[in-house]
Amino acid sequence: MTLSRTRSRTPSSSARRRPWGRPAQAGPLAAVLAALAALVLAVSPPAAALPSPHPMPATGRADVPSGVTAGVAVFDRASGSFTEQVNPSLPFRSASVVKLLIALDLLGDRGPDALGAQDRARVDAMLRASDDAAAGHFWTVNGGGAIIDRMVRRLGLTDTSRPPATHPGYWGYTALSARDAVRTYRYLLDTAPAPVRDYVMGALRSSTRCAADGYDQHFGVPGAFERPWAVKQGWSGFDSGGCTTPAAAASPAGAAPPIAAAPAARTGGPAAADVDLDRPALHTTGTVGTGDRTIVAVLTLHPGGTSYGKAYTDLGRLTRSLDVPGATRPAGTWLGTWGSGVNVRAEATTESRKLTALPAGVEVLVSCQKRGQEVSIPPYTNDWWVYLPQYGGYLTNIYLNVPENQVPGLRLC
């Protein structure tokens, strides 16, 4: 467990300077000038009314963190319109989001009952726990890049293409945009046969917190909004996801070795030139709200060397900033953590059952705090614990980025 700790404080609002200082008293001449200015403004058209030679995509309030490249599309199925769009057609390497296309290609117009027991187990693992071995198996037996070609035609995708010719086996290098992710969910919800829709969406609603490869995959949509939601996430280029992997998430027997998007140097070819294969990628896609009201797709690239916890936190902040009709936001306070291998426990004691481990340095939602077992990590000692509602367990306050032992203003459990 890494114990190095960095503290930082945010200046209070009272300490921030106003940009123009104290307003001066207006004299007679100033009053005349102000009246003239008001007259000019009254007869001049507002800037927003002027036509733009290069219309930009509609945008809402998306707050993209510094250094992050993002593609965002949020589609409200009730109104039939987008509430957020940022670089919606920009292609990203899909990472595990492509598993949606692999599953839809496999199922076609058939329901899950048409699958053999082993293939059904593979699809379940691929969609719920993002199992790479299952995706590799289907990629191999169903034609590799031809899967993507078929899905592009069937779903009407415009920014999606198979992996570059230099990396034909790397299914995670499939190019995908935010708007094509939305199109995929619209097909699944509105066009696909009911047995296919119900099976795939049921699996996405049952997404496990810990993926088969030990990455915590409840970032973005699952962290920003209360259920009901359904998600398919993607990640590539990180060293550690810091999550306890349940035995149930293991690959099904007989699954082929994964053919995943391992880091590689960028090489020639049109797809490789258009899609960044180097920077760490973290994506959240899915539906939010009753009746799958809103489709959310947020695809991100982060600066080289970014930790999983930092990317997880930045993507979470971006997703929480979005206008998502029908969404319910969880109550609580978001706080940063430090250290690696930090455990979430069933009770406020180190002897209680370990539920999972946090990605190093991730931001977590806390709802209340109480006194529990005293924990000592020299030079720190603390007997306060916070409850993490999204994990269903407790974290010692010693690992919070808060100067005090007790979180100021947080209610008692």
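The model shown is predicted, which means the values in this text are computed figures rather than measured ones.

Q: Lay out the pairing of strand β11 (residues 363-366) with the relevant residues and their values.
A: Successive residues of a regular strand alternate their side chains across the two faces of the sheet. Here β11 shows a buried face lined by E363 and L365 and a second buried face lined by V364 and V366. Summarising the sheet, strand β8 (residues 333-336) and β11 pair through 4 bridges and their orientation is antiparallel. The residue bridging W334 from the neighbouring strand is L365, located in β11.

Q: Outline the packing of aromatic side chains, listing residues and values.
A: Enumeration according to the criterion identifies 12 aromatic pairs in this entry. On the basis of an interplanar angle of 75° and a centroid distance of 6.0 Å, the ring pair of Y308 and Y312 is categorised as edge-to-face. With Y308 and Y312 both in helix α10 (residues 308-320) and 4 residues apart, the pair spans about one turn of that helix. Each member of the pair, Y308 as well as Y312, carries the same accessibility label: buried. Aromatic side chains W338 and Y399 sit 4.9 Å apart centroid to centroid with 50° between the ring planes, which places their arrangement in the tilted category. Within this pair, whereas W338 is found in the loop between β8 and β9 (343-345), its partner Y399 is found in the segment after β14 (393-396), the two being separated by 61 residues in sequence.

Q: Now, about helix α5 (residues 145-155): what can you tell me, with residues and values included?
A: Here α5 has its buried residues at G145, I147, I148, M151 and L155. Here the buried residues of α5 occupy an arc of 145° about the axis, which is enough to place them on one side. Residues of α5 that are buried in the fold lie against α2 (99-107), α4 (132-141) and α6 (178-190). The positive-phi residue at the C-terminal boundary of α5 is G156, with phi of around 70°.

Q: Got a sec to walk through the packing of helix α3 (residues 117-128) against helix α7 (residues 194-205)? Specific residues and values, please.
A: Between α3 and α7, whose axes approach to 8 Å, the crossing angle comes to 50°. Between α3 and α7, the angle is such that the two are oblique. Crossing angle aside, the handedness with which α3 passes α7 is right-handed. Note on element contacts: α7 touches α3 through Y199, V200, A203 and L204, opposite R120, V123, D124, L127 and R128.

Rules used throughout
- Residues numbered from 1 in each chain as written.
- Predicted model: local features only at pLDDT ≥ 70, side-chain atom pairs only at ≥ 80, totals over all residues.
- Heavy atoms only, no water.
- Buried < 20%, exposed > 50% of the residue type's maximum accessible area, 1.4 Å probe, protein only.
- Helix = DSSP H or I, 4+ residues; strand = E, 2+ residues; numbered from the N terminus.
- Pairing = 2+ DSSP bridges.
- Phe/Tyr/Trp six-rings, centres within 6.5 Å; stacked < 30°, edge-to-face > 60°.
- Arc of directions from axis to C-beta.
- Contact = heavy atoms within 4.5 Å.
- Axes fitted to C-alpha atoms, helices over the stretch in contact; angles between N-to-C directions.
- Parallel < 35°, antiparallel > 145°, perpendicular 65-115°, else oblique.
- Left-handed = near helix turned anticlockwise from the far one by under 90°.

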